[in-house]
Amino acid sequence: MTQLAWAVINAREEPLNKDSLVAGALLHDVGKLLEYERKDGKIVKSAFGEKTRHPAAGAQLAEAGKLPNEVVHIIAAHSHEGDTMNRTPEAIIVHHCDFIDFEIIKARVTKRG
Ligand SMILES: [Fe+2]
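Caption draft 1: Broad picture of unusual backbone geometry. One non-glycine residue, D40, lies in the positive phi region at around 55°. Phi is positive for K66, close to 60°, though the residue is something other than glycine. Structurally, the position occupied by K66 is in the loop between α5 (54–64) and α6 (69–77). Under the relative-accessibility criterion, K66 is labelled exposed at 73%.

Caption draft 2: The side chain of S20, seen in detail. If you trace the backbone, S20 turns up in helix α2 (residues 18–27). Sequence-distant contacts of S20, that is, excluding residues within four places in its chain, are made with E70, V71 and I74.

Caption draft 3: Up close: the coordination of the iron ion. The coordination sphere of the iron ion contains the protein donors D29 (OD), H54 (NE2) and H78 (NE2), at a distance range of 2.1 to 2.2 Å. Mapped onto the sequence, the donors of the iron ion take the spacing D-x24-H-x23-H. On the criterion of sequence distance, the pair formed by D29 in the loop between α2 and α3 (32–35) and H78 in the loop between α6 and α7 (89–112) is long-range, its members being 49 residues apart. The exposure class of D29 is partly exposed, given its relative accessible area of 25%. Using a relative accessible area of 1% as the deciding quantity, one classes H78 as buried.

So, how was this worked out
Residues numbered from 1 in each chain as written. Predicted model: local features only at pLDDT ≥ 70, side-chain atom pairs only at ≥ 80, totals over all residues. Heavy atoms only, no water. Helix = DSSP H or I, 4+ residues; strand = E, 2+ residues; numbered from the N terminus. Buried < 20%, exposed > 50% of the residue type's maximum accessible area, 1.4 Å probe, protein only. Contact = heavy atoms within 4.5 Å. Donors = N, O, S within 2.8 Å, 3.2 Å for Na, K, Ca; no water.

Note that all results are geometric; they support no functional claim without further evidence.
Here is the structure:
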């Protein structure tokens, strides 16, 4: 997904923050470390994850790590939670590239049955 986002940002002519885009793309799902846990050899929702999805959890981790606000925003806004936010251009790119990646993988898995 980061490679896809990198290709998109390099195809754009307006000045965009490539550092924020790459950091946000690489870390967009970091909150899954809190949303899920391994239990009896399986990956399941954690107690934390039952209440808080990974975009919010990831934004909290990014803030705790003192990452730039632009990166925190990309992480927070990458999924449907960001649909009511004013996404930055970099966040728009990551959001759409994430869904391109997700939808294609989902279609392939569904096709395999
Ligand atoms: Fe995600």
